[in-house]
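So the chains spell out like this:
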Amino acid sequence: MPYKNRKPTYVYFVLIFVFIKVVLNLFAISHFGFHRDEFLHLVLADHLDWGYKEVPPFIALLAKISITCFGDSVFAARIFPTIFGGLIVWLTGLTVIEFGGKKFGITIACLSIIFAPAFAASEYLFQPVVFDQFWWVLTVWLLIKYLNTTDVRYLYWLGAAVGLGVLTKYTMLFFSVALIIGILISKQRRLLFNRHILGAAALAIVIILPNLIWQLTHHMPVFTHMKALREQQLDYITPADFIKQQILVNGVALFVWLNGLVFLIFSFRLRNFQFLALAYGLIFLFLLMMDGKSYYLFGAYPMLFAAGGFGFERLLKTSGYPLRIAVILLFTTPNILLLPILLPILSMDQTLAFFRFADKNLPPARFMITWEDGKKHATTQDYADMLGWDDMAALVDKAYRSLSPADQKQTVVYADNYGEAGALHHYRKQYGYPEVISLNSSFTLWAPDSLKCKYMIYVDDGGGKNIKEFVAGKMISSFTKIGEVTNPLAREKGTAVFIITPNQLLNERYAPELAKKRLE
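Just so we're clear, the structure is a prediction, and the values are computed from it rather than from any experiment. (Residues numbered from 1 in each chain as written. Predicted model: local features only at pLDDT ≥ 70, side-chain atom pairs only at ≥ 80, totals over all residues. Heavy atoms only, no water.)

Visitor: Can you explain unusual backbone geometry? Please cite residues and give values.
Guide: One non-glycine residue with positive phi stands out, namely threonine 150, at about 55°. Mapped onto the elements of the fold, threonine 150 is located in the loop between helix H8 (128-149) and helix H9 (153-166). In this structure threonine 150 comes out as exposed when scored by relative accessible area, which is 57%. Within the chain, serine 441 stands out as a residue other than glycine whose phi angle is a positive 60°. In this structure, serine 441 sits in the loop between strand S2 (436-437) and strand S3 (455-460). (Helix = DSSP H or I, 4+ residues; strand = E, 2+ residues; numbered from the N terminus. Buried < 20%, exposed > 50% of the residue type's maximum accessible area, 1.4 Å probe, protein only.)

See below:
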């Protein structure tokens, strides 16, 4: 029979680490401004539906609740990520308890996940990543609870978690398949052969069904998005890069999750949970072959941290407090030193100074300032994606105010990419210029069928490159450059704002392009 570790003080003990996680996020969440992806996800609150071009609908619902209850500030947008980050720590600690671990195991596992670069950097932004991780961790905990109690209610909660996980990010499908295969080839295969598993699967399908219907009625844009992602970003990721990133993303906590993986495979006490190690191996190999991004696998590490915490507790069960404290410091202190790279807890000048120091003295940290283009930059890509948006919006407002009231009524705003469009949508409430149009990402779902305007305020992410194409194609009669984003640290540096006077040829290009993108 599996060990039942039910001492209630252990559950309360986990709350200490939840508190640490939440406080760390509170120090960081108001700094540097919105991330480009956050803008997109917040826009979805104004267009609630069962699906979108790039994400399932769960984050849109959270955006609606967040804006309605907390407002539209940077701090408000990051409340839910902070809550879910705390819940991930909570579930990791509870998983240690279910494995049979006590306070030392809980401490190792929870501090590892709090300070591991992968989780510190991904659990404060309003993106699907943190919510996706939550459903993976909850799914594992529910499976373990069922094995430890044989209470079928956990299976139905598991079905709901899988369904909501798919509505958060489609990677939950891959993880679920990996878990099923892992169970089938382990001694726990009997878990899959009972009628309650069918009931849980039916519940998951019912939850997923509205999104599936939306995908079918919109020509399955998930496949188009995956294809574009592979062409634009994933092709830069080689199998060697993926393996190296998995080794580096958790910093020194690598040794905790590796220990957990070994214990899940070989430990007699964790023999009932060996399928978790098999599932990790399967999802790792799948993402390796698919050129997946490193963060796609983050949700699988909390279960390994939990097993690793339990493992170190078993290995050091006869050791005194000094050695245990030394082990805790060994597996957390180096990651704590990296926090300014992961969380914006310092000013920008202090952060840049830290990046320069890390580049010179901490070679393993250099991958954090290597962007998706494979090149090294002055700051991380996430930080760069938080800069320059307010300047861009101010330029659009300047362009709009330069027109007469009569001309303003015949003016539209157009942006090339979803980050620009999302930012301009957000700042529109402050400035009052027209709603932004874009043919990028989900903005195509809400774009007007034609461009009926006298003037267009055009945000060119090519810095004027597209304007030259319009001029060469005789699609505009005139253009005036208002300015460009000049922040050298911003990923949007060089993005220019123009006032153009389009003609019918531009509309003839726009309409078929919109129709094509709506079919993708």
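Next comes the rest of the write-up.
Visitor: Any chance you could break down the packing of helix H3 (residues 58-70) against H8 for me, citing the residues and the numbers?
Guide: It is the contact of H3 with H8, at a shortest axis distance of 10 Å, that shows an interaxial angle of 115°. The angle between the axes of H3 and H8 places the two elements in the roughly perpendicular class. When you trace H3 past H8, the crossing you get is right-handed. Taken together, the residues of H8 that come into contact with H3 (itself represented by Phe58, Ile59 and Leu62) are Pro128, Phe131 and Trp135. Here the residues of the contact of H3 with H8 sort into six nonpolar, no polar and no charged. (Axes fitted to C-alpha atoms, helices over the stretch in contact; angles between N-to-C directions. Parallel < 35°, antiparallel > 145°, perpendicular 65-115°, else oblique. Left-handed = near helix turned anticlockwise from the far one by under 90°. Contact = heavy atoms within 4.5 Å. Nonpolar A, V, L, I, M, F, W, Y, C, P; charged D, E, K, R; others polar.)

Visitor: Can you explain the nonpolar core? Please cite residues and give values.
Guide: Nonpolar side chains in soluble globular proteins tend to end up buried together. Phe99, Leu276, Tyr280 and Leu424 are the most contacted members of the largest nonpolar core, which has 165 residues in total. Looking at this core element by element, the count peaks at 14 residues for H8. Every residue in contact with leucine 424, bar those within four places of it in the chain, is listed here: Met392, Ala393, Val396, Val413, Ala415, Tyr433, Val436 and Val459. Val412, Met456, Ala496 and Phe498 belong to the second largest nonpolar core, which has 19 residues in total. (Core = buried A, V, L, I, M, F, W, Y, C linked by side-chain atoms within 4.5 Å.)

Visitor: Got a sec to walk through the packing of aromatic side chains? Specific residues and values, please.
Guide: Summed over all chains, the structure comprises 34 aromatic pairs. Residues phenylalanine 134 and tryptophan 135 carry aromatic rings whose centres are separated by 4.9 Å and whose planes lie at 70° to one another, so their mutual orientation is edge-to-face. On the accessibility criterion, phenylalanine 134 (9% relative accessible area) is buried. Relative accessible area serves as the criterion here: at 8%, tryptophan 135 is assigned to the buried category. (Phe/Tyr/Trp six-rings, centres within 6.5 Å; stacked < 30°, edge-to-face > 60°.)

Visitor: Report on the sheet that holds strand S1 (residues 411-415), specifying residues and quantitative values.
Guide: A sheet is described by the order of its strands in space; here five strands give the open sequence S2-S1-S3-S5-S4, paired in mixed fashion. Lying at the two open borders of the sheet, with one neighbouring strand each, are S2 and strand S4 (476-484). The sheet contact formed by S4 and strand S5 (residues 496-502) spans seven bridges and is antiparallel. Residue pairing for S5: lysine 481 is matched across the bridge by phenylalanine 498. Across the sheet, helix H25 (residues 465-472) touches S3, S4 and S5, and the angle it forms with S3 is around 135°. (Pairing = 2+ DSSP bridges.)

Visitor: Help me get a handle on the packing of helix H2 (residues 36-43) against helix H24 (residues 418-431), residues and values and all.
Guide: In the contact formed by H2 and H24, the axes pass within 8 Å of each other and the chain directions differ by 60°. If you check the angle between H2 and H24, you find them oblique. Crossing hand, H2 versus H24: left-handed. Touching Arg36, Asp37, Phe39, Leu40 and Val43 of H2 are Tyr418, Gly419, Gly422, Ala423, His425, His426 and Tyr427, all from H24. Looking at the contact of H2 with H24, its residues break down into six nonpolar, four polar and two charged.

Nothing here speaks to function; it is all geometry.
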